[in-house]
Amino acid sequence: MDMAEINVIKQHLIDPEICIRCNTCEATCPVNAITHDDRNYVVRADVCNGCMACISPCPTGSIDNWRTMPVARAYSIEEQLTWDELPAELSPEQLEAEGVATPGETLMQVPSAAPQPPAEPGEVAFNSAQYGATVPPWSAAHAYTNLFPPKSPTTATVVGNFNCTEAGYENQTHHIVLDLGSMPFPVLEGQSIAIIPPGVDANGKPHFARQYSIASPRNGERPGYNNISLTVKRVLEDHQGNPVRGVCSNYVCDLKVGDKVQVIGPFGSSFLMPNHPKSHIVMICTGTGSAPMRAMTEWRRRLRKSGKFEGGKLMLFFGARTQQELPYFGPLQTLPKDFIDINFAFSRTQGQPRRYVQDMMRERAADLVELLRDGQSHFYVCGLKSMEEGVVLALRDVATEAGLDWDTVGQSLKREGRLHLETY
Ligand SMILES: Cc1cc2nc3c(=O)[nH]c(=O)nc-3n(C[C@H](O)[C@H](O)[C@H](O)COP(=O)(O)OP(=O)(O)OC[C@H]3O[C@@H](n4cnc5c(N)ncnc54)[C@H](O)[C@@H]3O)c2cc1C
Ligand code: SF4
Ligand code: SF4
């Protein structure tokens, strides 16, 4: 195709007013066309090839915006990062003034993605995100999403708030219970909601919503009640360790019983648990990444209690800096050993070598490889972004060392909705 022909594109844009900054699109895009700063998620016009891979995973639909633009005037990422709302379509007159003779006639995407930075000689780049499924397990229940979109939140009432790490620890994590009253709010284990903190940011704009995984099963934190729970860590330092007071996490952790909260969601249609008999679940998490794992475990525990649990292994790899900082450490200890196989990894226990979840996975390679061989196994990874690559690499190494072809295993895990990655 002659580049000279391409004078106009359908430019792919993200609506900053409804985007909940969940990072799903950035993790999904196969050509790294999406980037973000503290405020906005944006698309590079010269890299996006219109493959549409990011459209259905986006929980809010904010990713599905397109503007007819002359290539020479395509919005730069610098411009997009300053937006509080999407610009309007250019009018036919404006397009004509830009030399676009017949608007719509020559619409096409920028023809190919910009090349990725070359890997160092001999280095094979590993991209854990490429193995993450965007489809749910075949037997997952139907997930309702976006019932309350960012512009139409619902109100929940706080009915519980307590520290679920050992008291007195700086990195405290709270277990929050929200009651939705008479408002229908159907959720499944693995889904999330987002909370809109009150007030405005430094630019005088309303705060954007922050996403939190639901920690309770589908029939409520208290069975039969229209309530959900969250596991929220107070952010008191940024990812680099500098002191900071996270806007939403501190708002949520300071909530009192009876307070009202603006909630949107539910979100998520692929990080869902299988429901068929003998399906296995392997959960790998750090810190608040335990929230969806608690929901799945609790649903299976309730099924088992009611005599409806039809087998299938549950295996948990759970990492934290110390035992005292690990959410739900106490309740986890009480679960029967024949119900769930729990492996803790602590990276900052005094006098002990640092152990991460991937170290525990390698130690349990013999059991993990059996699960990797079994098409009924489903793997869930949730926690801080920094864990994701190490965990998927550990899975790859466990498979490879047992003589399995990782590319085949990894691709079928993705295709069949059996490896889910949710890191933030
Ligand atoms: C899909 C998804 C699920 C999530 N689930 C949970 C959950 O179940 N529980 C939970 O507590 N959080 C969860 N989060 C993170 C949550 O949405 C917020 O990002 C987090 O609470 C920080 O928001 P804040 O307003 O307090 O901090 P902000 O005011 O937004 O940020 C303040 C500073 O802290 C940094 N920062 C942001 N998040 C963290 C973090 N987690 N650790 C360290 N530094 C950080 C920011 O880069 C910034 O510099 C989830 C995020 C996503 C995308
Ligand atoms: S359409 Fe494809 S290339 Fe463009 S941002 Fe989405 S995933 Fe990336
Ligand atoms: S809400 Fe959609 S557009 Fe915004 S970060 Fe998430 S996936 Fe991307």
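Analysis parameters
- Residues numbered from 1 in each chain as written.
- Chains lettered and ligands numbered in written order.
- Predicted model: local features only at pLDDT ≥ 70, side-chain atom pairs only at ≥ 80, totals over all residues.
- Heavy atoms only, no water.
- Helix = DSSP H or I, 4+ residues; strand = E, 2+ residues; numbered from the N terminus.
- Buried < 20%, exposed > 50% of the residue type's maximum accessible area, 1.4 Å probe, protein only.
- Contact = heavy atoms within 4.5 Å.
- Areas by Shrake-Rupley, 256 points an atom, 1.4 Å probe, with all protein chains shown as cover.
- Domains from an automatic or database assignment.
- Salt bridge = Lys/Arg side-chain N within 4 Å of Asp/Glu carboxyl O.
- Polar contact = N/O pair within 3.5 Å; in protein donor to acceptor, adjacent residues only side chain to side chain.
- Nonpolar A, V, L, I, M, F, W, Y, C, P; charged D, E, K, R; others polar.
- Pairing = 2+ DSSP bridges.
- Axes fitted to C-alpha atoms, helices over the stretch in contact; angles between N-to-C directions.
- Near = heavy atom within 4 Å.
- Phe/Tyr/Trp six-rings, centres within 6.5 Å; stacked < 30°, edge-to-face > 60°.
- Lys NZ or Arg CZ within 6 Å of the ring centre and 35° of its normal.

### Details of the overall build of the protein
For the protein, the count of helices and strands is 10 helices and 15 strands. Relative to its full complement of 424 residues, the protein shows a buried share of 50%. Long-range pairs, those at least 24 residues apart, make up 73% of the contacts in the protein with a sequence separation of at least 6. Accessible area for the protein stands at about 20,000 Å²; split by element, carbon and sulfur atoms hold 52% of it.

### Details of the domain arrangement of the protein
Domain parsing of the protein yields domain 1 (3-97), domain 2 (128-141 + 270-423) and domain 3 (154-267). Contacts between the two partners involve eight residues from domain 1, matched on the other side by nine residues from domain 3. Among the ionic pairs, D84 bridges to K205, the shortest N-O distance being 3.7 Å. Remark: the boundary between domain 1 and domain 3 carries one residue pair in polar contact (both at pLDDT 80 or more). Considering only residue class, the side of domain 1 that touches domain 3 consists of three nonpolar, one polar and four charged.

### Concerning the sheet that holds strand β6 (residues 173-179)
Strand order in this open sheet of six strands is β8-β7-β10-β5-β6-β9, and the pairing throughout is antiparallel. Each edge of the open sheet is held by one strand with a lone partner, namely β8 (210-213) and β9 (227-233). Across the sheet, the axes of successive neighbouring strands diverge by a mean angle of 40 degrees, strand direction being ignored. Relative to β8, strand β7 (residues 192-196) runs antiparallel, the two being bridged by four bridges. Directly across from I195, in β8, lies its bridge partner R210.

### What about the site of ligand 1?
By nearness alone, 20 residues border ligand 1, and Q211, Y212, T231, C248 and S249 come closest of all. One of the backbone nitrogen or oxygen atoms of V247 is found 3.0 Å away from an oxygen atom of ligand 1. Between ligand 1 and the protein, one listed contact pairs an oxygen atom with a side-chain N or O atom of S249 at 2.6 Å. Computed on the free molecule, ligand 1 has an accessible area of 900 Å², of which 83% lies beneath the protein chains in the complex.

### Quick word on the packing of aromatic side chains
Per the counting criterion, the structure on display carries nine aromatic pairs. Ring geometry for Y131 versus W406: centroids 5.1 Å apart, planes at 55 degrees, classification tilted. You can see Y131 sitting in the loop between α3 (92-97) and β5 (154-163) and its partner W406 sitting in helix α10 (residues 406-415), a full 275 residues away along the chain. In terms of burial, Y131 and W406 fall into one category: buried. Every member of this aromatic cluster is reached through a ring pair, and the members are F318, F329, F344 and F346. In this structure, R210 is placed above the aromatic ring of F208, and the distance from its NZ or CZ to the ring centre is 4.2 Å. If you follow R294 out to its NZ or CZ, it ends over the ring of Y328, 5.1 Å from the centre.

### Re the environment of N40
Within the secondary structure, N40 is located in the loop between β2 (34-36) and β3 (41-43). The spatial distance from the C-alpha of N40 to the C-alpha of N219 is 35 Å, given a sequence separation of 179 residues. Discounting residues that sit within four places of it in the chain, N40 has contacts with P16, R21, T35, Q80, L81, T82 and W83. A distance of 3.0 Å separates the side chain of N40 from the backbone oxygen of Q80, its partner in a polar contact.

### Some points on the site of ligand 2
By nearness alone, 13 residues border ligand 2, and C29, C48, N49, C51 and C54 come closest of all. The residue makeup of the shell around ligand 2, split by class, is 10 nonpolar, three polar and no charged.

### Examining the sheet that holds strand β12 (residues 314-320)
One open sheet accounts for five strands, arranged β13-β12-β11-β14-β15; its pairing is parallel. Sheet topology places β13 (341-346) and β15 (419-423) at the edges, where each strand pairs with a single neighbour. The average angle at which neighbouring strand axes cross in this sheet is 10 degrees, direction not considered. Pairing between strand β11 (residues 280-286) and β12: six bridges, direction parallel. Counted as the bridge partner of M283 is L316 from β12.

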